[in-house]
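Listed below are the residues making up each chain.
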Amino acid sequence: MDSSGSARAAGEHLGAPLVELERVNKHFGDLHVLQDIDLTVRKGEVLVVIGPSGSGKSTLCRAINRLETIDDGDIRIDGEPLPAEGRDLARLRADVGMVFQAFNLFAHKTVLENVTLGPRKVRRVPKAKADEEGLALLDRVGVKNQADKLPAQLSGGQQQRVAIARSLAMHPKVMLFDEPTSALDPEMINEVLDAMVQLAHEGMTMIVVTHEMGFARKAADRVVFMADGQIVESATPEEFFTNPRSDRAKDFLSKILTH
């Protein structure tokens, strides 16, 4: 690991707790998808969540901005309990950016309009200022030259970078990424991961559900390994990839790292 990676792993740059989960449970019928989850993510931390399919990773991610309700337990964002509904929930969702597998861009709006819609409608930012910030964000993720195009005119990798810019436009406290590259062709994956690595280096608090182990090694402060709805291990990337403690993690790594 290079020196910048080991410095990240040391956690010296991290701030106060920003996302806190205590004894969080979630069932889908008889399936117990989140089992007594305890997790704290600090300001500036990049947390990568990995594990086999069906382990609860995406449900965990979606619970943090209440796209999934939980059965019991507590979730706090920056010290405040997660609101159940209404205006407080809308405000919280503005503070928690989310990037999905599907890009969820408005097909009939230009790239720039997609990025500026949230700030203008939710935060009441004037159009000229929203456009200026939107173009700067599109430049930051490398697609400023696509600003006047419709999403369908872009590649999947470009659309996902627009989705990242759209989330950043709301000035979120934390960014959630749920398998952001899984719907992309292989040659487009790196351009999205590079944009995410850049965000990590800029100090954005990020929770990333992904199968991309290279990203976990390069950008994560901490790797959380989930299986069967539980957090089985939590460690630095160096510790996790070189010396996993549990048999479940060893088995998982042996399957994905040998291909």
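Cut-offs applied
Residues numbered from 1 in each chain as written. Predicted model: local features only at pLDDT ≥ 70, side-chain atom pairs only at ≥ 80, totals over all residues. Heavy atoms only, no water. UniProt positions renumbered as here; feature names shortened; annotations may be inferred. Helix = DSSP H or I, 4+ residues; strand = E, 2+ residues; numbered from the N terminus. Buried < 20%, exposed > 50% of the residue type's maximum accessible area, 1.4 Å probe, protein only. Contact = heavy atoms within 4.5 Å. Areas by Shrake-Rupley, 256 points an atom, 1.4 Å probe, with all protein chains shown as cover. Polar contact = N/O pair within 3.5 Å; in protein donor to acceptor, adjacent residues only side chain to side chain. Pairing = 2+ DSSP bridges. Axes fitted to C-alpha atoms, helices over the stretch in contact; angles between N-to-C directions. Arc of directions from axis to C-beta. Core = buried A, V, L, I, M, F, W, Y, C linked by side-chain atoms within 4.5 Å. Phe/Tyr/Trp six-rings, centres within 6.5 Å; stacked < 30°, edge-to-face > 60°. Lys NZ or Arg CZ within 6 Å of the ring centre and 35° of its normal.

Going by the annotation in an unreviewed UniProt entry, the name recorded for the protein chain is Amino acid ABC transporter ATP-binding protein (PAAT family), with Isoptericola halotolerans given as the source organism. Looking at the protein chain in UniProt, the text filed under Subcellular location (unreviewed entry) is "Cell membrane". The UniProt entry for the protein chain carries the following text under Sequence similarities (unreviewed entry): "Belongs to the ABC transporter superfamily."

**Q** I would appreciate a short explanation of the overall build of the protein chain in the present structure.
**A** Helices and strands together make up the secondary structure of the protein chain, namely 10 helices and 10 strands. Classification of the 259 residues of the protein chain by burial places 52% in the buried group. The long-range fraction of contacts in the protein chain, counting pairs at least 24 apart against all pairs at least 6 apart in sequence, stands at 67%. Accessible area of the protein chain: about 12200 Å², with a carbon and sulfur share of 47%.

**Q** Looking at this structure, how should I read the side chain of Gln160?
**A** Counting through the fold element by element, Gln160 comes out in helix α6 (residues 156-168). The class of Gln160 is buried, set by a relative accessible area of 0%. A polar side-chain atom of Gln160 sits 2.8 Å from the main-chain carbonyl oxygen of Phe100. When neighbours within four sequence positions are excluded, Gln160 is seen to be in contact with Val99, Phe100, Gln101, Phe103, Pro180 and Val192.

**Q** Help me understand the environment of Val192 in this model?
**A** With respect to the helices and strands, Val192 occurs in helix α7 (residues 186-201). The exposure class assigned to Val192 is buried, which follows from its relative accessible area of 0%. Taking C-alpha positions, Val192 is 9.5 Å from Gln159, a pair spaced 33 residues apart along the chain. Apart from the residues lying within four places of it in its own chain, the contact partners of Val192 are Gly157, Gln160, Arg161, Ile164, Thr181 and Leu184.

**Q** What's the story with the sheet that holds strand β8 (residues 205-209) in this structure? I'm lost.
**A** Sheet strands pair by backbone hydrogen bonding; their relative direction is either parallel or antiparallel. The strand order across the open sheet formed by six strands is β6-β7-β8-β3-β9-β10, and the pairing between neighbours is mixed. The strands lining the two open edges of the sheet, one partner per strand, are β6 (96-99) and β10 (230-235). Between one strand and the next, the sheet's axes are offset by a mean angle of 20 degrees, whatever the strand orientation. In the sheet, strand β9 (residues 222-227) pairs with β10 via five bridges, with the strands oriented antiparallel. Looking across to β10, one finds that Phe225 is bridged to Glu233. Running over the sheet, helix α2 (residues 57-64) touches β3 (46-50), β6, β7 (174-178), β8 and β9 and is turned about 150 degrees from β7. Where α7 meets the sheet, it contacts β3, β7 and β8, and its direction lies at approximately 145 degrees from that of β8.

**Q** For this particular structure, what's the right way to read helix α10 (residues 247-256)?
**A** Along α10, the residues classified as buried are Ala249, Phe252 and Leu253. Down the axis of α10, the buried set is contained in an arc of 95 degrees. They therefore lie on one face. The inward-facing, buried residues of α10 contact β3, α8 (213-219), β9, β10 and α9 (237-242).

**Q** What should I look at first to understand the nonpolar core in this one?
**A** The nonpolar side chains of a soluble globular protein tend to be buried with one another. Within the largest apolar cluster, 49 residues are counted, with the highest numbers of intra-cluster contacts made by Ile164 and Met206. Top contributing element to this core by residue count: α7, with eight residues. In this view, Ile164 contacts Val99, Val141, Met175, Phe177, Val192, Met196 and Leu199; residues no more than four positions away in its chain are not counted. Counting residues in hydrophobic clusters, the runner-up holds 28 residues, among them Ile37, Ile75, Ile77 and Val209.

**Q** Looking at this model, I keep getting lost on the sheet that holds strand β1 (residues 17-28). Mind explaining?
**A** Strand order across the open sheet formed by four strands is β2-β1-β4-β5, with antiparallel pairing between neighbours. Looking at the sheet topology across the chains shown, the edges are occupied by β2 (31-42) and β5 (80-81). Pairing between β1 and strand β4 (residues 72-77): five bridges, direction antiparallel. Across the sheet, residue Val19 finds its bridge partner in β4, namely Ile77.

**Q** So what exactly am I meant to see when it comes to the packing of aromatic side chains here?
**A** Any aromatic ring pair is given by two values, namely how distant the centres are and how the planes are angled relative to each other. Tallying each qualifying case throughout the model produces three aromatic pairs. Aromatic side chains Phe240 and Phe241 sit 5.3 Å apart centroid to centroid with 80 degrees between the ring planes, which places their arrangement in the edge-to-face category. Pair check on accessibility: Phe240 and Phe241 agree, each one buried. An aromatic cluster is defined as three or more aromatic residues linked by ring pairs; in this entry it consists of Phe225, Phe240, Phe241 and Phe252. Above the face of the Phe241 ring, Arg217 is positioned so that its terminal group lies 4.5 Å from the ring centre.

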